[in-house]
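One-letter residues, chain by chain:
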Amino acid sequence: TQAIATIVSNGIYKGFRLGVDVGALWDLGDFTLGLAVKDILPLNFVYKKYVNETEFVQDLANFKDAVDMPAAYQVPGLKVNVGVNWHPDLGSFSNVFDPQIGLDVMDIGGWIRQLDGVAGSSAAKAAMMSDYDFLKMINLGAQIKLFKFISLRGGLGQGMANVGLGLNLFVIDINAAVGARYKANPQSITDFSEVGFSVELALLRL
């Protein structure tokens, strides 16, 4: 209750922003190439602040007196993401062993903006440089499917290493994964700053 009261005392914000993305895929045999351009319309975030939850609920559908908030969108638009996926066709052998590997590089122009200072103020630029950690811009994943019902997975996403297992058991699909992020200066192989687990159970369509 105290935590909720503290959050509310700092104000409640209601906001709106329109984001437009475009992308394309090219199939080249065993390879698939992808290109996405994010936020081609770099519109500012429009927001309105309320001092209590009652005022917020009563004015939920109203944007009168809302103002632009340029600082809420420090990263410029036209962020370009590229990716490649390799899924070899092994013929009938793929029923036993079916591998694939994917690699995405997010916002490949981010490092350019860090160097030329497009972010504006030094504080904003420093924030951008911390946000554009190279490892956090890379998504790398691999999967090996065995006998059509066992999937072994591993990868790196947003700076977190992940391993997973998938089981396709007739009408039930089970997926489990564990991810861990190392500390900035790890002292041992188990010196993690963050660890997460996930389990998914789904019924397959007959």
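Parameters and conventions
Each chain carries its own residue numbering, running from 1 in the direction its sequence is written. Reporting of local features is limited, given that this is a predicted model, to residues whose pLDDT is at least 70; pairs of side-chain atoms are given and counted only at 80 or more, and all residues count toward the totals for whole chains, interfaces and linings. Processing note: side-chain calculations cover all non-hydrogen atoms of the structure and skip hydrogens and water entirely. Any two strands between which DSSP finds at least two bridges are classified as paired. Every helix listed is a DSSP run of H or I at least four residues long, and every strand listed is a run of E at least two residues long, numbered separately from the N terminus. A pair of aromatic rings is counted whenever rings of Phe, Tyr or Trp (Trp by its six-membered ring) have centres within 6.5 Å, and the orientation is called stacked for planes under 30 degrees apart, edge-to-face for over 60 and tilted otherwise. Partly exposed residues are those whose accessible area sits between 20% and 50% of the maximum for their type, while under 20% is buried and over 50% is exposed, using a 1.4 Å probe and protein chains only. Buried and open spaces are told apart on a 1 Å grid over the protein atoms alone, a cavity being a set of points where a 1.4 Å probe fits but cannot get out and a pocket being an open set with protein on both sides within 12 Å along at least five of seven lines. Residues with an atom within 4 Å of a point are the lining residues. Grid points are joined across faces, edges and corners, and a volume is the space filled by probe spheres set on the points. Each residue receives one of three labels: charged for Asp, Glu, Lys and Arg, nonpolar for Ala, Val, Leu, Ile, Met, Phe, Trp, Tyr, Cys and Pro, and polar for the others, Gly being one of them. Angles shown run from 0 to 180 degrees and are taken between the N-to-C directions of axes, each axis being a line fitted to C-alpha atoms and, for helices, limited to the stretch in contact. Salt bridge, as applied in this entry: a Lys or Arg side-chain nitrogen positioned within 4 Å of an Asp or Glu carboxyl oxygen. Here, two residues are considered to be in contact whenever any of their heavy atoms come within 4.5 Å of each other.

**Q** Quick one: what's the story with the pairing of strand S11 (residues 172-182), residue by residue and with numbers?
**A** With 9 bridges connecting them, strand S10 (residues 160-169) and S11 associate as antiparallel partners. Counted as the bridge partner of Asn-168 is Asp-173 from S11. Here 11 bridges tie S11 to strand S12 (residues 192-203), and the two strands are oriented antiparallel to one another. Each bridged residue has a counterpart across the sheet, and for Asp-173 the counterpart in S12 is Ala-202.

**Q** So, the packing of aromatic side chains: which residues are in play, and what are the values?
**A** Between two aromatic rings, the relevant description is the distance of the centres plus the angle of the planes. If you walk through the whole model with that rule in mind, you get 2 aromatic pairs. Ring geometry for Phe-93 and Phe-97: centres 6.3 Å apart, planes at 40°, overall tilted. Phe-93 sits in the partly exposed class, given a relative accessible area of 47%.

**Q** Before we move on, could you go through the layout of surface pockets and cite the residues and values that matter?
**A** By volume, the largest pocket amounts to about 280 Å³. Together, 22 residues line the largest pocket, and Gly-83, Val-84, Asn-85, Leu-103 and Asp-104 are the ones closest to its centre. Elements that contribute at least two residues to the lining of the largest pocket include exactly strand S3 (31-38), strand S6 (79-86), strand S7 (97-105) and strand S8 (138-146). Here the lining of the largest pocket is composed, by residue class, of 11 nonpolar, 10 polar and 1 charged.

**Q** Go over the sheet that holds S12, please, and point to the residues and values.
**A** Taking strand neighbours across the sheet as the criterion, the 9 strands line up as S2-S3-S6-S7-S8-S9-S10-S11-S12 in an open arrangement whose pairing is antiparallel. Lying at the two open borders of the sheet, with one neighbouring strand each, are strand S2 (22-28) and S12. Each neighbouring strand pair of the sheet contributes to a mean axis angle of 10°, computed without reference to strand direction.

**Q** Before we move on, can you summarise the environment of Leu-78 with the specific residues and values?
**A** Tracing the chain through its elements places Leu-78 in the loop between strand S5 (67-69) and S6. Classification of Leu-78 as exposed rests on a relative accessible area of 53%. When the C-alpha positions of Leu-78 and Lys-38 are compared, they lie 5.5 Å apart, and in sequence the two are 40 residues distant.

**Q** Got a sec to walk through unusual backbone geometry? Specific residues and values, please.
**A** One non-glycine residue, Asp-107, lies in positive phi territory at about 50°. Here Asp-107 is to be found in the loop between S7 and helix H3 (110-116). Assessed through its relative accessible area of 5%, Asp-107 is described here as buried. Its identity is not glycine, yet Lys-148 carries a phi of approximately 70°, on the positive side. With respect to the helices and strands, the residue Lys-148 is situated in the loop between S8 and strand S9 (150-157). Its relative accessible area of 43% is what places Lys-148 among the partly exposed residues.

**Q** Break down the pattern of salt bridges for me, with residues and values.
**A** For the structure on display, the rule yields 2 salt bridges. Two residues, Asp-21 and Lys-38, come together in a salt bridge whose shortest N-O distance is 3.1 Å. Taken together, the residues Asp-21 in the loop between strand S1 (12-16) and S2 and Lys-38 in strand S3 connect sequence positions 17 residues apart. Asp-39 is the salt-bridge partner of Lys-79, the closest N and O atoms lying 2.6 Å from each other. One end of the pair, Lys-79, is in strand S6; the other, Asp-39, is in the loop between S3 and strand S4 (45-50), and 40 residues separate them in sequence.

**Q** Give a detailed account of the environment of Gly-196, specifying residues and quantitative values.
**A** Here Gly-196 shows up in strand S12. Along the backbone, Gly-196 and Ala-177 are 19 residues apart, and their C-alpha atoms lie at a distance of 8.3 Å. Those residues in contact with Gly-196, other than ones at most four positions away along the chain, are Ala-177, Val-178 and Gly-179.

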